[in-house]
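# Survey of secondary and tertiary structure
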Amino acid sequence: MRALLVTSVGVTCAAALTLPLAAPALSAPAAHSASARPPSLSPESPGSGPPSARTEAAPDEANEANETNKRDEANEGGVLEAPEAAPPRTGETRAAALAGSTQSLPLEPLAAPSDRAVGPAASGQGLDRRTARPFSLVGVVWDDAEAELHGTVQVRTRATGGTSWSDWQDVETHNAEHAADLGSAERASGAVRGATAPLWVGDSDGVEVRVRPEAADPQHPAAVPLPEGLRLELVDPGADPAPEPAPGAPAGRTVTPAAFAGNPVPPATTTAVPEVLTAESAATSAVNADLAPLGAAVIPALTKAETEEEAAIVAAGAKPYIGPRPKIVTRKGWGADEKLRERNFAYTKSVKAAFVHHSATGNNYTCKQAPSVLRSIYRYHVKSSGWRDFGYNFAVDKCGNIYEGRAGGVAKAVLGAHTLGFNTNTMGVAVLGTYSSTNPPAAAVTAVSKLTAWKLGLFGANPKGKVTLVSGGSGKYSKGKKVKMNVISGHRDGFATECPGARLYKKLGTARTSSAKLQGR
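Cut-offs used in this document
Residues numbered from 1 in each chain as written. Predicted model: local features only at pLDDT ≥ 70, side-chain atom pairs only at ≥ 80, totals over all residues. Heavy atoms only, no water. Helix = DSSP H or I, 4+ residues; strand = E, 2+ residues; numbered from the N terminus. Buried < 20%, exposed > 50% of the residue type's maximum accessible area, 1.4 Å probe, protein only. Contact = heavy atoms within 4.5 Å. Areas by Shrake-Rupley, 256 points an atom, 1.4 Å probe, with all protein chains shown as cover. Pairing = 2+ DSSP bridges. Phe/Tyr/Trp six-rings, centres within 6.5 Å; stacked < 30°, edge-to-face > 60°. Lys NZ or Arg CZ within 6 Å of the ring centre and 35° of its normal. Axes fitted to C-alpha atoms, helices over the stretch in contact; angles between N-to-C directions. Parallel < 35°, antiparallel > 145°, perpendicular 65-115°, else oblique. Left-handed = near helix turned anticlockwise from the far one by under 90°.

This part covers the overall build of the chain. Per the secondary structure count, the chain includes 12 helices and 23 strands. Out of the 521 residues belonging to the chain, those deemed buried represent 50%. The contacts of the chain with a sequence gap of at least 6 include a subset with a gap of at least 24, amounting to 76%. Taken as a whole, the chain presents about 23100 Å² of accessible surface, with 56% of it coming from carbon and sulfur.

The element strand E5 (residues 151-159) is extensively covered by neighbouring structure, given that seven of its nine residues are classed as buried. As judged from the nine bridges shared by E5 and strand E8 (residues 199-213), these two strands associate in the antiparallel manner. Note that in E8 the partner of Thr 157 across the bridge is Val 207. Sheet topology places E5 next to strand E6 (residues 169-171); three bridges connect them, and they run antiparallel. Within E6, the residue paired with Val 153 across the bridge is Val 171.

The description of two aromatic rings rests on the distance between their centres and on the angle between their planes. Tallied over the full model, the rule gives four aromatic pairs. Seen from their ring centres, Phe 355 and Phe 422 are 6.1 Å apart, and the 45 degrees between their planes marks the pair as tilted. Taken as a pair, Phe 355 in strand E17 (residues 353-358) and Phe 422 in the loop between strand E19 (402-404) and strand E20 (426-431) lie far apart in primary sequence, 67 residues in all. Through a chain of ring-to-ring contacts, the aromatic side chains of Trp 334, Tyr 378, Phe 390 and Tyr 392 assemble into a single cluster. When the ring centre of Trp 168 is taken as origin, the NZ or CZ atom of Arg 210, which lies over that ring, is 3.9 Å away. When the ring centre of Tyr 365 is taken as origin, the NZ or CZ atom of Lys 398, which lies over that ring, is 4.3 Å away.

Running from N to C, helix H10 (residues 442-458) and helix H12 (residues 508-519) point in directions that differ by 50 degrees, and their axes come no closer than 8 Å. Taken together, the axis directions place H10 and H12 in an arrangement best described as oblique. Regarding H10 and H12, the two cross each other, and that crossing is right-handed. On H12, the residues that touch Val 445, Val 448, Ser 449, Lys 450, Thr 452, Ala 453, Leu 456 and Gly 457 of H10 are Thr 510, Ala 511, Ser 514, Ser 515, Leu 518 and Gln 519.

Quick look at the structure:
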């Protein structure tokens, strides 16, 4: 089904009228070091932009490409650079540090492990140990989004400023099922690439990677060819956004007057500098205007009575079966660079079901780092994988914090790219981490219950009920097939995948029961 498209241009102009003017000398530079993803060329594709935007590369993108080429040339031959060769993070501009960056390195053939008669395909591809600019998340991409990587991907990294290397870590290679539906404008944009799941490794400045193909079968040990154009993506999430001012404090940044040597130190005073939202940030925030002020970092929690009163405005007919609205950290709150995503928002008609995922990014993150993990995944989805925006509609961290995902409005039916074949009329919730053999924290499961009780309630869906969805084509169901499944389902219910991990999948029954109780059922 063709998604309903809404341009953000209209809300931008209205939003701009409400924005205070900042002192020019103190306004921060634009937080954007890499150009946005090239708009789709299809005339029906959202965010296609004017013709000039489709044909001209942004200067930042060209500079980033030149830097990548220079790094590739410097690293030819697998030469191991000294740790101090990495440019210090303190040398970056403030704008670059805020926006983050992506290093994209082409993989090279690896020597055959033992048998010299085995060809390059069997020996695989990779990169020897090398120093890089600081990064925190890794992944491998390739040219053809329809091609699968049959094999293994492993990385090991060195913490920034350190000398020791981590053990080899596996990267999830089966990731094609987290994607836009076949035939959708996003899928047909020409920008989408094949990709592994991203892996969070923490602040690092050294990396080694190896990609090995798997043998076809024991009787025919010829290796299955690896996809063409394999590249290692190293993602730096950039700096965290500035903290929200305390309640009652003036909005915006505070500036303390500088003290000059030889002059008396003036009394400690601060001057409020109103914050300036970019047009993209204002548009993203404006679609949540019924729930929070423009530029809010958090959409506050409500009681059930308050939620029912609000639902009469944003979703008539939801009362009484709706759970209390939970606290939601907005995209501004976790620091999304709105210049990366496509300009327009894409919608579907309703939200009939919720698919629960795990991000497969590993569990080695703290809740304080969760915004950095989100910014890394967002950049990986857009810059590396070629998607229009962050794939999931919402994310939940191990402490139970709930985050706005794909832009378009948390109370609206935003079309995501999370469950291949079933993105229409559904929402995707990613629990940050890997829960194949690790139990998900109770706080995360509770957050899924709270979120679904509210969001499904807005559209009259019963968390303990069943729903019939029409497949858009997946590895489990053919296109057009009607499938009956739980209103709260795991990703594996719609696709032949291990996601959301066996341990998290077992908790979905608990989530359904709790969600329904929160709705008053």
